[in-house]
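Residues per chain, in single letters:
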Amino acid sequence: MNMTRQTITPHLWYEKEAKEAADFYVSAFGRNSKINNLNTMDDTPSGSVDIVNFEIWEHEFVAMSAGPYFELNPSISFMVNFDPSQDKDARERIDQVWEKLSTGGKPLMPLDRYDFSERYGWIQDKYGVSWQLIYTNPEGEERPLILPSLLFVGELCGKAEEATDHYLSIFPDSQRGALVHYPAGMAPEEEGTVMFTDFKLAGQWFAAMDSAQTHEFAFNEAISFIVKCKDQEEIDTYWDRLSAVPEAEQCGWIKDRFGISWQIVPDNMGELMGKNPEKTMPVMLQMKKIVIADLIEAGEGQ
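Residues numbered from 1 in each chain as written. Predicted model: local features only at pLDDT ≥ 70, side-chain atom pairs only at ≥ 80, totals over all residues. Heavy atoms only, no water.

The interhelical angle for the contact between helix α3 (residues 160-170) and helix α4 (residues 232-242), taken along N-to-C directions, is 160°, at an axis separation of 11 Å. The orientation of α3 with respect to α4, classified from their angle, is roughly antiparallel. α4 is crossed by α3, and the crossing has right-handed handedness. Every residue of α4 that contacts α3 at H166, Y167, S169 and I170 is listed here: Y238, R241 and L242. Counted by class, the contact of α3 with α4 contains four nonpolar, two polar and one charged residues. (Axes fitted to C-alpha atoms, helices over the stretch in contact; angles between N-to-C directions. Helix = DSSP H or I, 4+ residues; strand = E, 2+ residues; numbered from the N terminus. Parallel < 35°, antiparallel > 145°, perpendicular 65-115°, else oblique. Left-handed = near helix turned anticlockwise from the far one by under 90°. Contact = heavy atoms within 4.5 Å. Nonpolar A, V, L, I, M, F, W, Y, C, P; charged D, E, K, R; others polar.)

A separate point is unusual backbone geometry. One can expect most non-glycine residues to show negative phi and most peptide bonds to be in trans. Of the consecutive residues A187 and P188, the connecting peptide bond is found in the cis state with omega at 10°. With respect to the element layout, P188 can be found in the loop between β10 (175-181) and β11 (194-201). We note that W57 has phi near 50°; this positive angle belongs to a residue other than glycine. For W57, the position within the fold is in the loop between β3 (47-56) and β4 (59-65). Under the relative-accessibility criterion, W57 is labelled buried at 4%. A positive phi angle is found at C251, which is not glycine, with a value near 50°. Here C251 shows up in the loop between α4 and β14 (253-255). (Buried < 20%, exposed > 50% of the residue type's maximum accessible area, 1.4 Å probe, protein only.)

What follows is about the sheet that holds strand β9 (residues 146-152). Spatial strand order, β6-β7-β8-β5-β9-β12-β11-β10: eight strands in an open sheet with mixed pairing. Every interior strand has two partners, whereas the edge strands, β6 (106-114) and β10, have only one. Ignoring strand direction, the axes of neighbouring strands in this sheet form an average angle of 20°. Taken together, the six bridges between strand β5 (residues 76-82) and strand β8 (residues 130-135) define a ladder with parallel strand orientation. Counterpart to S77 in the pairing with β8 is S130. Each of β9, β10, β11 and β12 (204-210) is contacted by α3, which is oriented at about 5° to β11, the strand it contacts most. (Pairing = 2+ DSSP bridges.)

Turning next to the nonpolar core. Side chains of nonpolar character tend, in soluble globular proteins, to be buried together. Counting residues in hydrophobic clusters, the biggest one holds 74 residues, and the most contacted among them are Y25, W131 and W262. It is helix α1 (residues 18-29) that provides the largest number of residues to this core, a total of seven residues. Dropping the residues within four chain positions of it, Y25 is found in contact with L12, Y14, G30, F54, I56, D125, Y127, V129 and W131. (Core = buried A, V, L, I, M, F, W, Y, C linked by side-chain atoms within 4.5 Å.)

This brings us to the environment of H11. Tracing the backbone through its elements, the reader meets H11 in strand β1 (residues 8-14). Under the relative-accessibility criterion, H11 is labelled buried at 3%. Between the alpha carbons of H11 and G185 there is a distance of 37 Å; along the sequence they are 174 residues apart. Setting aside residues no more than four positions away along its own chain, H11 makes contact with V62, M64, A222, I223, S224, I226, W253 and Q263. Side chain to side chain, H11 and Q263 meet in a polar contact 3.4 Å long. (Polar contact = N/O pair within 3.5 Å; in protein donor to acceptor, adjacent residues only side chain to side chain.)

A few words now on the side chain of S211. Mapped onto the secondary structure, S211 falls in the loop between β12 and β13 (223-229). Within the structure, S211 has its side chain in polar contact with the backbone nitrogen of Q213 (distance 3.3 Å). One polar contact links S211 to H215, side chain to side chain, over a distance of 2.8 Å. The contacts of S211, once residues within four sequence positions are left out, are L151, F152, V153, G154, C157 and E189.

Set out below in structure tokens:
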């Protein structure tokens, strides 16, 4: 599938393995997967930070090595559709990818037949990122090959519908897809909470679900979402509507009221920072919300 340009990009935070992990994913998923760029950003609060831009099946990711501050966990995973209408070898490929991700990884749900799919498995890889591999029914409505999936657990269990409604009200080109609630008799799941929903934000599909099972994890900054904005007005709008934890506001990062982290940045952030990094970096590090005019002024300073 040819994707339109991504406005929202998943960002993975590693202690020091960003480049190694990106290489692993490109190798594991194979076709239409590649490393696009590797940069090192110096003099940050985490020291020298490696930033890797890579693609899996034309879906953009960013990985960063920035110290042991956050632990990757399954609260945000990536649902990967193996669609025989788009890949004639999908049935064989799902087993191949599962085998590669299993190296040093931990299965959360075994690769097997389930009521909702003839072939599905959920695995946390050796770097801590979680993947849901699913053999897709080609008769269903077309979906992209990779969807970030949000799991609402603990105190947030039961909030999936509220959260996704909130995001749908904020982003343009958004819509609800499927919405399936738990029926009665599926304890500990509560009747009426979300068994599964998918939804589109800024033209990109996501998924979400509630789970009342016992989970020893929660949303954190290890996986965040970069939102690329065309101008200051767009930055201001997303910032005002998403940010709910003032103490989390730093260098374009915010946390919403459900604990999910976002990075609200101009779509030409690399250009703004690269023009005169000795001047722009100190200015950016002092910012909470990114102010484009201030970065331009710093970049033009002598």
